[in-house]
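Each chain, letter by letter, is given below.
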Amino acid sequence: MMKRNIRNVLISTVLLFSLLIGYLLYFEIFTKDTLLTSDYNRRLWEEENKVTRGNIVDRNGKAIAETVTEGNKKSRVYHGGASIGPLIGYNNKQYGRAGIEAAYNKELLGMKTKDPLTLFKQDILGIKGRGYDVILTIDSDLQETAYDAFGGEKGAAVALNPKTGEILALVSSPGFDPDDIDKDWEELKSGKNSPLFNRAVQGLYPPGSVFKIIPLSASLENIDDLYDLTFHCTGSTDVDGLKIKDYNGTAHGNIDINRAVEVSCNSTFINLGLRLGAKDMEEYAGKFGFNKNLDFDLPIKTSVYPGPSSKRELALSSIGQADVLASPLQMAMVASAVANDGHIMHPYIVKGIADSEGKVNYNRQDETYLLPISETTAQQIKDMMVNVVKKGTGTAARISGITVAGKTGTAEVAGKQSHAWFIGFAPADDPQIVVAVIVENGGSGGKVAAPIARHIISEYLK
Amino acid sequence: MTKASRYYRVMLFTLYLFLIICFLLLALRSTPFDPKPIYMGLGYMAIITIGFITMRIFALNGDAMLFLLSNFLCGIGLVMIYRVDEELAYRQFIWIAGGIAVFIVITFLFKYYGHMMNGYKIIALLSLVLLAVTIIFGKEHGGSTNWLMIKGIQFQPSEFVKILFCLASASFLKDHKQPRDVLIYTGFVLMVVLLLFIQKDLGTAIIFFLTGIVFVYTATGKPAYPAIGLAMLAVGAVASYLIFAHVRVRFDAWLNPWLDVPGKSYQIVQSLFAIGAGGLFGSGLGLGHPEYIPAVATDLIFSIMVEEFGLLVGLAVIIIYLLIFVRAFLSAMASNNASKQLLLTGISSMLAFQTFIIIGGVTKFIPLTGVTLPFVSYGGSSILTSFCLLGIMNSLSIGEVQ
């Protein structure tokens, strides 16, 4: 009987279309949202044409990025030249978005914080909306000073307030001027110094001796008679047949821990690292934020301390070599623990979101992110770091009338000039600013990075 | 007044209301007020009214269901086409008017179809010749060589072959159900499919193949035939994926559209953006972005429809199609005449596959192959053929469904 066959065809047809309807509902509910935010979707830029993109302002209310309207034409204007490029990024129809412009796109377009009803009303009434202003913790004068201090050298600097976690300057050099993105795109993209890359939060480098703060913390808290120990330095240490030299092969002789920090003695720290063992080293690296994903306002790379699997690795890692990698932001956090009685405040760069009338809709709260060391330990390390600048490797960071605490680093890079590091803070008795500076392949930390840090600190505290 | 006629009247007035609102919106889109859409809307409503009265007065039991449902589809299509391209809408208006005329004429005349039911040899030959001629004299259009030009009039023979194919299939299979006959029929279907494949008209080729499977199954009732048919389709699909670049492009765009958005998968990605942007309620008529969508008046009309009218209207359109198809299947089940049963089931399946392939394609449910959305897409050949098929369905349904 054909009727049965037709009935089966009918059922199959209804089933087929039910599947299609089910798929469409699934698409609507689950896949649609990720799809719509694709950069290929030109509707997003249409949306953007309807609203005036909000401004990005610094901590003093000075505009860093603003939308200027002339007649019907809107254009994005940036203030701060090449110093702000890697941080603020760009917002370009052709090349997409980067930096704060990308991370806070929805806020700048006013899409995120407005409730649907307000949006709907504006739609109906055809109000040309204005996005929200993003208020940064950045001090744009400090940002420019810090950038200029690099003189075009490759490197990065992070300056923050250790008591709050506010980032005061976030510099990556060489940078680029976001105003010139259209003109210079090809060059910026292929440039071998990668100016588009934000080294301060995305660059991972061997930290070298600035990492010594971590074995030092572990030793102060785990080796009872640390202050009574005498270390014998011959300028080179033999670990399972691997000879690890001190900087320039200098033999420091018989020294105590205070002097070892001042002169950044590798032998002493290898000795301490081996004595502490892999477990303690890994634990303290973790306490300071290594291997931990930090929730930050910009995309960042997580600093790594790989658990040492051999004595040699353990020895090298205690002087910040082997496969230890840290971002400038991470090292600023390490210094801020010392500056802020053991507390690392959660670092942030966006202070708040405000509407065009200046009404603040969102205000970032300060919070402790990590508590790696005790107040006593912090004080002990601080004293040592003060001496590093007073009479050790960091004398180039001295500022008259201000007590600066610091630690230098000269991280070896295979086949190339070493990376120059400096981390520090000032004034030592009431720290207002922490800085971390790296100059890629710059050579000695004390000679190259410390003066840049000095420049940043004195500009901020003047 | 009967219950049925009350239903029809409610449907008719809903259709009027829909058209009035849409064409009014189109008129209000420009300042100053542009009266042209209003004229078109009134003209279309007049045609519907004439058609409706004709169907009600002259048809045996006054069955106007298919007429009204199909005009919902044509109406929304016409509105979308007007919104996308005014010039196209004028031409589509004429095609729809012609389509309705064809529908009414076929509804009255097709009851004398009896002697056509023995002419399968001639009809089958005619379909093959028409497709072969297209290959020899055809013009390329959007990647497929499936257009013929006669005295300045362009048309797509593969559309009209749909009618011939259904007639030939039904008249042959109604009393040829032995395995040997099925083999002969398969030969015919494969020839049609091959000729379409040469024209690179993949979507239409698949529609014919699947419809062939339904015809064989309806006639014989043996599940083995559809099983073999689908296996052949799978093998054919894999083989053509490996051999033909243009098939590979479509599959790759389906599997991972993000690999080459500006190139291979441009169409499907733009379609998905449009459907996603519409949400449930749509951006509103005139507020979407048809300029981003390729082939927006023809193959991808469903995408812009969902963008501007919303997914709910998209689903409503799918349900209207389902009503048309299910109604035809029910008429077929109510009938005791083998020719009627086969024709109704086959034609309904053919339109169903076409609908499924294009809506499934533009929503990335299945790989996208360009075919028109029956009654909605712009195109004379498509509109006339769809109305002709619907006319046959209507003619055969009259007296079968209460």
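What you see is a predicted model; the values in this text were computed from it and never measured.

1. A closer look at the overall build of chain A
No. 1: Each helix and strand counted, chain A has 16 helices and 19 strands in total.
No. 2: The proportion of buried residues among the 462 residues of chain A is 50%.

2. Overview of the overall build of chain B
No. 1: Tallying secondary structure elements over chain B gives 15 helices and three strands in all.
No. 2: Across the 402 residues of chain B, 51% fall into the buried class.
No. 3: In chain B, the share of contacts with a sequence separation of at least 24, taken over all contacts with a separation of at least 6, comes to 70%.

3. A short note on the sheet that holds strand β15 (residues 360-363) of chain A
Residue and element names in this part refer to chain A.
No. 1: The strand order across the open sheet built from six strands is β3-β2-β1-β6-β14-β15, with neighbouring strands paired in mixed fashion. A strand with exactly one partner marks an edge of an open sheet, and here the two such strands are β3 (73-78) and β15.
No. 2: Sheet analysis places strand β1 (residues 56-57) next to strand β2 (residues 63-70), joined by two bridges and oriented antiparallel. Within β2, the position partnered with Val57 by the bridge is Ala63.

4. Structural notes on the sheet that holds strand β18 (residues 416-426) of chain A
Residue and element names in this part refer to chain A.
No. 1: Here we have five strands laid out as an open sheet, ordered β8-β7-β19-β18-β17, and antiparallel in their pairing. Each edge of the open sheet carries a strand with a single partner, namely β8 (167-173) and β17 (405-413). Strand-to-strand, the axes of this sheet are offset by a mean angle of 5°, without reference to chain direction.
No. 2: Pairing of strand β7 (residues 155-160) with strand β19 (residues 433-439) involves six bridges; the strand directions are antiparallel.

5. Here's the deal with the packing of helix α6 (residues 157-173) of chain B against helix α14 (residues 338-362) of chain B
Residues and elements named next belong to chain B.
No. 1: Interhelical geometry of α6 versus α14 gives an angle of 145° and a closest axis separation of 9 Å. Where α6 crosses over α14, the handedness of that crossing is right-handed. Within the contact between the two elements, α6 uses Lys162, Cys166, Ser169, Ala170, Ser171 and Leu173 and α14 uses Ser339, Leu342, Leu343, Gly346, Ile347 and Met350.
No. 2: Looking at side-chain class alone, the contact of α6 with α14 contains seven nonpolar, four polar and one charged residues.

6. Some thoughts on the interface of chain B and chain A
No. 1: Counting residues at the interface gives 33 residues for chain B, matched by 26 residues for chain A.
No. 2: Tallying contributions element by element places helix α13 (residues 311-334) of chain B first for the side of chain B that touches chain A, with ten residues.
No. 3: Within the side of chain B that touches chain A, the residues separate by chemical class into 23 nonpolar, ten polar and no charged.

7. Notes on the pairing of β18 of chain A
Residue and element names in this part refer to chain A.
No. 1: With respect to burial, β18 is a largely interior element, nine of its eleven residues being buried.
No. 2: For β17 and β18, the ladder comprises eight bridges, and the chain directions are antiparallel. Note on β18: the bridge partner recorded for Val413 is Lys416.
No. 3: In this sheet, β19 lies alongside β18 in antiparallel orientation, the contact comprising seven bridges. Following the sheet pairing, Gly424 is matched in β19 by Val435.
No. 4: Connecting the antiparallel pair β18 and β19 is a turn made up of six residues.

8. Comments concerning the confidence of the model for chain B
No. 1: Per-residue pLDDT for chain B has a mean of 91; in total, 97% of the residues score no lower than 70.
No. 2: Quick note on the complex model: pTM equals 0.68, ipTM equals 0.95.

9. Here's the deal with helix α11 (residues 266-278) of chain B
No. 1: Taking 1.5 Å of rise per residue, the 13 residues of α11 of chain B would be expected to cover 18 Å, and the 19 Å separating its terminal C-alpha atoms lies within 8% of that figure.
No. 2: Burial analysis of α11 of chain B places twelve of its 13 residues in the buried class, the great majority of the element.
No. 3: Buried within α11 of chain B are the following residues: Gln267, Ile268, Val269, Gln270, Ser271, Leu272, Phe273, Ala274, Ile275, Gly276, Ala277 and Gly278 of chain B.
No. 4: Packed against the buried residues of α11 of chain B are α1 (2-36) and α2 (42-50) of chain A together with α10 (245-255), α12 (301-309), α13 and α14 of chain B.
No. 5: Where α11 of chain B ends, the next residue or the one after it, Gly279 of chain B, has phi of about 65°, a positive value.

10. Some details on the nonpolar core
No. 1: If you look at the biggest cluster of nonpolar residues, it comprises 129 residues, and the most contacted ones within it are Phe208, Ile301, Phe302, Ile347 and Met393 of chain B.
No. 2: A domain-level breakdown of this core finds at least three residues from each of domain 1 (1-112 + 263-402) and domain 2 (116-243) of chain B.
No. 3: By size, the runner-up hydrophobic cluster in this structure holds 125 residues, among which are Ile100, Tyr104, Phe176 and Ile457 of chain A.

11. Considerations on unusual backbone geometry
Residue and element names in this part refer to chain A.
No. 1: Omega for the bond connecting Ser173 with Pro174 falls within 30 degrees of zero, at -5°, which places this linkage in the cis form.
No. 2: Within the secondary structure layout, Pro174 lies in the loop between β8 and α8 (181-190).
No. 3: A cis amide bond, omega -15°, links Ala426 with the succeeding residue Pro427.
No. 4: A positive phi angle is found at Ala322, which is not glycine, with a value near 55°.
No. 5: Notably, Asp341 is not glycine yet its phi reads approximately 55°, a positive angle.
No. 6: Overall, Asp341 belongs to the partly exposed group, with 18 C-beta atoms counted inside 10 Å.

12. Examining the packing of α13 of chain B against α14 of chain B
Residue and element names in this part refer to chain B.
No. 1: As a packed pair, α13 and α14 sit with axes 8 Å apart at the nearest point and diverge in direction by 165°. By the criterion of interaxial angle, the relationship of α13 to α14 is roughly antiparallel. The handedness of the crossing between α13 and α14 comes out as left-handed. Residue-level contacts link Ile318, Tyr321, Phe325, Ala328, Phe329, Ser331 and Ala332 of α13 to Lys340, Gln341, Leu344, Thr345, Ile347, Ser348, Leu351, Ala352, Thr355 and Ile359 of α14.
No. 2: In terms of residue class, the contact of α13 with α14 is made up of eleven nonpolar, five polar and one charged.

13. Remarks on the pairing of strand β11 (residues 242-245) of chain A
Residue and element names in this part refer to chain A.
No. 1: The pairing of strand β10 (residues 236-239) with β11 spans four bridges and is antiparallel. The residue of β11 that forms the bridge with Asp238 is Lys243.
No. 2: The antiparallel hairpin formed by β10 and β11 contains two residues in its connecting segment, where Asp240 sits at a positive phi of about 50°.

14. Regarding the environment of Ser317 of chain A
All names here are of chain A.
No. 1: Here Ser317 is to be found in helix α13 (residues 311-317).
No. 2: Along the chain, Ser317 and Gly208 lie 109 residues apart, while their C-alpha atoms are 8.6 Å from each other.
No. 3: In contact with Ser317, not counting residues within four places along its chain, are Gly273, Met281, Tyr305, Pro308, Ala322 and Val324.

15. Comments concerning helix α7 (residues 179-198) of chain B
Residue and element names in this part refer to chain B.
No. 1: Over its 20 residues, α7 runs 28 Å from end to end, which matches the ideal 28 Å to within 8%, given 1.5 Å per residue.
No. 2: Turning to α7, its buried residues are Tyr185, Val189, Val192, Val193, Leu195 and Leu196. Along the axis of α7, the buried residues cluster in a sector spanning 160°; they form a single face. For α7, the exposed residues set more than 90 degrees away from the buried face come down to Pro179, Arg180, Leu183, Ile184 and Gly187.
No. 3: Of the surrounding secondary structure, the elements contacted by the buried residues of α7 are α5 (120-137), α6 and α8 (202-220).

16. A closer look at the environment of Ser374 of chain A
Residues and elements named next belong to chain A.
No. 1: For Ser374, the position within the fold is in the loop between β16 (368-370) and α15 (375-391).
No. 2: Sequence separation between Ser374 and Glu221 is 153 residues; the distance between their C-alpha atoms is 8.4 Å.
No. 3: The residues contacting Ser374, other than those within four sequence positions of it, are Glu221 and Gly342.

17. Thoughts on the environment of Asn266 of chain A
All names here are of chain A.
No. 1: Locating Asn266 in the fold gives a position in helix α12 (residues 266-287).
No. 2: Along the backbone, Asn266 and Gly249 are 17 residues apart, and their C-alpha atoms lie at a distance of 9.9 Å.
No. 3: When near neighbours in sequence (up to four residues on either side) are disregarded, Asn266 contacts Thr237, Ile244, Asp246 and Ile319.

About the cut-offs
- Counting from 1, residues in each chain are numbered in the order their sequence is written.
- Here chains are named by letter from A upward and ligands by number from 1 upward, in the order in which they appear as written.
- Confidence filtering applies because this is a predicted model: local features only for residues at pLDDT of at least 70, side-chain atom pairs given and counted only at 80 or more, and all residues used for totals across whole chains, interfaces and linings.
- To qualify as a helix, a DSSP run of H or I must reach at least 4 residues; to qualify as a strand, a run of E must reach at least 2; elements of each kind are numbered from the N terminus.
- Here a residue counts as buried when 20 or more other C-beta atoms sit within 10 Å of its C-beta, as exposed when there are 12 or fewer, and as partly exposed otherwise, the C-beta atoms being derived from the backbone.
- Contacts here follow a simple rule: the backbone-placed C-beta atoms of the two residues must lie within 7 Å.
- The criterion for strand pairing is that DSSP finds at least two bridges linking the strands in question.
- Fitting a line to C-alpha atoms yields each axis, with helices limited to the stretch in contact; the angle taken between N-to-C directions then spans 0 to 180 degrees.
- Crossings are sorted by hand: turned counterclockwise from the far helix by less than a right angle, the near helix makes the crossing left-handed, and turned clockwise it makes it right-handed.
- The residue classification treats Ala, Val, Leu, Ile, Met, Phe, Trp, Tyr, Cys and Pro as nonpolar and Asp, Glu, Lys and Arg as charged. All others, Gly included, are polar.
- Per-residue confidence from the prediction method is given by pLDDT, with values spanning 0 to 100.
- Here, expected helix span is obtained from the residue count minus one, scaled by 1.5 Å.
- Put simply, a nonpolar core is buried Ala, Val, Leu, Ile, Met, Phe, Trp, Tyr and Cys residues tied into one set by C-beta atoms within 7 Å.
- The split into domains, and so the bounds of each, comes from an automatic or database assignment of domains.
- In what follows, roughly perpendicular refers to angles from 65 to 115 degrees, roughly parallel to angles under 35, roughly antiparallel to angles over 145, and oblique to any angle outside these ranges.
- An arc is given here, and it is the one of the directions from the helix axis to the C-beta atoms.

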